[in-house]
Amino acid sequence: MRIKASPYLLLVLTTLFWAGNFVLGRGVKASIPPIGMAFWRWTIALAILLPFAIPHLRRDWPQVRANWKALVIYGILGVSCFNTFVYIGLHSTTAINALLMNSIIPVLIVLLSRLLAYAPVTRRQAAGILLSLVGVVTIICRADIGMLMSMEINRGDLWVLLAVISWAFYTFLLRKRPAALHPLSFLASIVIAGLCLLAPFYGWEIAMGARVGTDMVTCGSILYMGLFPSVLAFIFWNQAVGEVGPNKAGLFLHLMPVFGAILSYIFLGESLHFFHLAGMGLIFSGIYLTTTA
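Just so you know, the residues in each chain are numbered from 1, in the order the chain's sequence is written. The predicted origin of the model limits local features to residues at a pLDDT of at least 70 and limits the giving and counting of side-chain atom pairs to 80 or more, whereas totals for whole chains, interfaces and linings rest on all residues. Heavy atoms throughout the structure, all of them, feed into the side-chain values; hydrogens and water do not.

Draft legend 1. Expanded view of the overall build of the protein chain. The number of helices and strands found in the protein chain is 13 helices and zero strands. Under the scheme used here, helices are H or I runs from DSSP no shorter than 4 residues and strands are E runs no shorter than 2 residues, and both carry numbers assigned from the N terminus. When the helices and strands of the protein chain are listed from N to C terminus, the series reads α-α-α-α-α-α-α-α-α-α-α-α-α. Taking 293 residues into account, the globule formula puts the C-alpha radius of gyration at 19 Å, and the protein chain, at 19 Å, falls close to it. With respect to the three principal axes, the spread of C-alpha positions in the protein chain is 55 × 45 × 30 Å. Each residue gets one of three labels from its accessible area relative to the maximum for its type: buried under 20%, exposed over 50%, partly exposed in between, using a 1.4 Å probe on protein chains only. Put simply, the protein chain has 293 residues, and 51% of those count as buried. We call two residues contacting when some pair of their heavy atoms lies within 4.5 Å. Contacts in the protein chain between residues at least 24 apart in sequence constitute 90% of all its contacts with a sequence separation of at least 6. In these tables, accessible area is a Shrake-Rupley quantity obtained with a 1.4 Å probe, and a residue counts as shielded only by the protein chains included in the view. For the protein chain, the accessible surface area stands at approximately 13,500 Å², while carbon and sulfur atoms represent 71% of it. Distance from the positive charge centre (19 side chains) to the negative charge centre (8 side chains) of the protein chain: 15 Å. Only C-alpha atoms enter the radius of gyration; for comparison, a globular chain is expected to reach 2.2 Å times N to the power 0.38, where N is the number of residues. We treat Lys and Arg as the positive residues and Asp and Glu as the negative residues; His and chain ends play no part in the count. We put the charge of a Lys on NZ, of an Arg on CZ, of an Asp on CG and of a Glu on CD.

As structure tokens, then:
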């Protein structure tokens, strides 16, 4: 199954869904423990995915068995680690710190591509990445360099850093994704692998007394997380990375604070300021430079 749409549109939608996940995850963290949030998010995603994926899994089963080690690695990096580490980190760090650290993913992807795959990086691409990164910092720090200088590193930041490294490696390794596997077979396989790793840690979290709330807001939040930033976003991201490459795709992650600001304005009543618009302009300019290189 291939989505008949521009890869850049898919990347924009993906970052929109992930920004919604970030805003939502921040809002319900008091009622959903971090590992439970990741576990139920991917359990719901798998329940949505399996009816469509089973026919492809049956056909692709020889390829799944032949590539099971690689699929486990994708599952660990993209499913088990990234969001779980972010959710854990958000319990002890600020949204500003988490977003700022998340914004270095495109830089890490370019470095991995350059060091491990010897992929060339043009001056135009490098300038676009730098310009977009400045836009992210402008939004997060509200155009106040003093806020950036006063930020402190804590334990939550280290968890977010681990998440950032995990996603950078996941995106970089997508270039080696088994080509014979249908996208739904691939996604279902890595979700199953990721859930198998998450299950014992979720059991430990329950044993420690953590519980997931059962109110409508909590259940609705998990349903959103399972469908949009999980199933749809991963299908869109995996396809787009395959079409435009990890370097260009990674830069679109800088749209997350843009969408985060817009969603916070719409749903949380937060204000939009000049620094938001200035940062958005820098980010869009950086993306334009990189994608037209």
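Here the narrative resumes, following the displayed structure.
Draft legend 2. Highlighting a nonpolar patch on the surface. Only residues above 30% relative accessible area that lack a salt bridge enter a patch, with like-charged residues linked at up to 9 Å and the nonpolar side chains Val, Leu, Ile, Met, Phe, Trp and Tyr linked at up to 5 Å. Salt bridges are counted wherever a side-chain nitrogen of Lys or Arg sits within 4 Å of a carboxyl oxygen of Asp or Glu. Taken together, the side chains of Ile104, Leu111, Leu115, Leu116, Leu158, Leu161, Ile165 and Phe169 define a hydrophobic patch exposed on the protein surface, amounting to about 680 Å² of accessible area. Those elements that provide at least two residues to the nonpolar patch are helix 5 (105–116) and helix 8 (155–173). The element contributing the most residues to the nonpolar patch is helix 8, with four residues.

Draft legend 3. Representation of helix 2 (residues 34–66). The span you would expect from a helix comes to 1.5 Å times its residue count less one. With 33 residues, helix 2 extends only 33 Å from end C-alpha to end C-alpha; this falls clearly short of the ideal 48 Å at 1.5 Å per step. Where helix 2 bends most, the angle comes to about 70°, and this point is Asp60, followed within four residues by the proline Pro62. Fitting axes to the seven residues ending at a residue and to the seven starting there, one defines the bend at that residue as the angle between these axes.

Draft legend 4. Up close: helix 12 (residues 255–267). Between its first and last C-alpha, helix 12 extends 18 Å over 13 residues, near the 18 Å set by a 1.5 Å rise per residue. Turning to helix 12, its buried residues are Leu255, Met256, Pro257, Val258, Phe259, Gly260, Ala261, Leu263 and Ser264. Where helix 12 terminates, the next one or two residues include Gly269, which has phi positive at roughly 75°.

Draft legend 5. Molecular detail of the packing of helix 3 (residues 68–89) against helix 8. Only the contacting stretch of a helix is used when fitting its axis, a line to C-alpha atoms as for every element, and angles between N-to-C directions run 0 to 180 degrees. Here helix 3 crosses helix 8 at 155°, and the two axes come no closer than 8 Å. Viewed along their axes, helix 3 and helix 8 adopt a mutual orientation that is roughly antiparallel. Between helix 3 and helix 8 lies a crossing of left-handed hand. Here Ile73, Tyr74, Leu77, Gly78, Cys81, Phe82, Phe85, Val86, Ile88 and Gly89 of helix 3 come into contact with helix 8, specifically with Gly156, Trp159, Val160, Leu162, Ala163, Val164, Ser166, Trp167, Phe169, Tyr170 and Leu173. Residue classes follow a fixed rule: Ala, Val, Leu, Ile, Met, Phe, Trp, Tyr, Cys and Pro count as nonpolar, while Asp, Glu, Lys and Arg count as charged, and any other residue, Gly among them, counts as polar. Classifying every residue of the contact of helix 3 with helix 8 gives 17 nonpolar, four polar and no charged. For classification, angles of less than 35 degrees are called roughly parallel, those exceeding 145 degrees roughly antiparallel, those between 65 and 115 degrees roughly perpendicular, and all remaining angles oblique. Helix crossings fall into two classes, left-handed where the near helix is turned counterclockwise from the far one by less than a right angle and right-handed where it is turned clockwise.

Draft legend 6. Summary view of the packing of helix 5 against helix 8. Two numbers describe how helix 5 lies on helix 8: the axes approach to 9 Å, and their chain directions differ by 50°. Compared by their axis directions, helix 5 and helix 8 come out oblique. In this structure, helix 5 crosses over helix 8, and the sense of that crossing is right-handed. Facing helix 5, whose interface residues are Ile105, Leu108, Ile109, Leu112, Ser113 and Leu116, helix 8 presents Val164, Ile165, Trp167, Ala168, Phe169, Thr171 and Phe172. Taken together, the residues of the contact of helix 5 with helix 8 sort by class into 11 nonpolar, two polar and no charged.

Draft legend 7. Looking closely at the nonpolar core. For our purposes a nonpolar core is just a set of buried Ala, Val, Leu, Ile, Met, Phe, Trp, Tyr and Cys residues, chained together by side-chain atoms within 4.5 Å. Within the largest apolar cluster, 82 residues are counted, with the highest numbers of intra-cluster contacts made by Trp18, Trp42, Trp167, Tyr170, Phe186, Ile190 and Trp237. Not counting chain neighbours up to four residues away, the residues in contact with Tyr170 comprise Tyr74, Leu77, Gly78, Phe186, Ile190, Phe234, Trp237 and Asn238.

Draft legend 8. A look at the state of the cysteines. The term disulfide is used for any two cysteine sulfur atoms that are within 2.5 Å. For the structure shown, the criterion picks out zero disulfides. Cys81 forms no disulfide, and the closest cysteine sulfur to it belongs to Cys196, at a distance of 14 Å.

Draft legend 9. Layout of the environment of Asp60. With respect to the secondary-structure elements, Asp60 resides in helix 2. Take Asp60: its relative accessible area is 5%, and that puts it in the buried class. Between the alpha carbons of Asp60 and His182 there is a distance of 7.4 Å; along the sequence they are 122 residues apart. For Asp60, the contacting residues outside a window of four places in its chain are Ala180, Leu181, His182 and Ser185.

Draft legend 10. A look at the pattern of salt bridges. Evaluation of the coordinates by the stated rule reveals one salt bridge. For the salt bridge of Asp60 with Arg59, the shortest nitrogen-to-oxygen distance reads 2.9 Å. Of the residues examined, Arg59 reaches a relative accessible area of 52% and is grouped as exposed.

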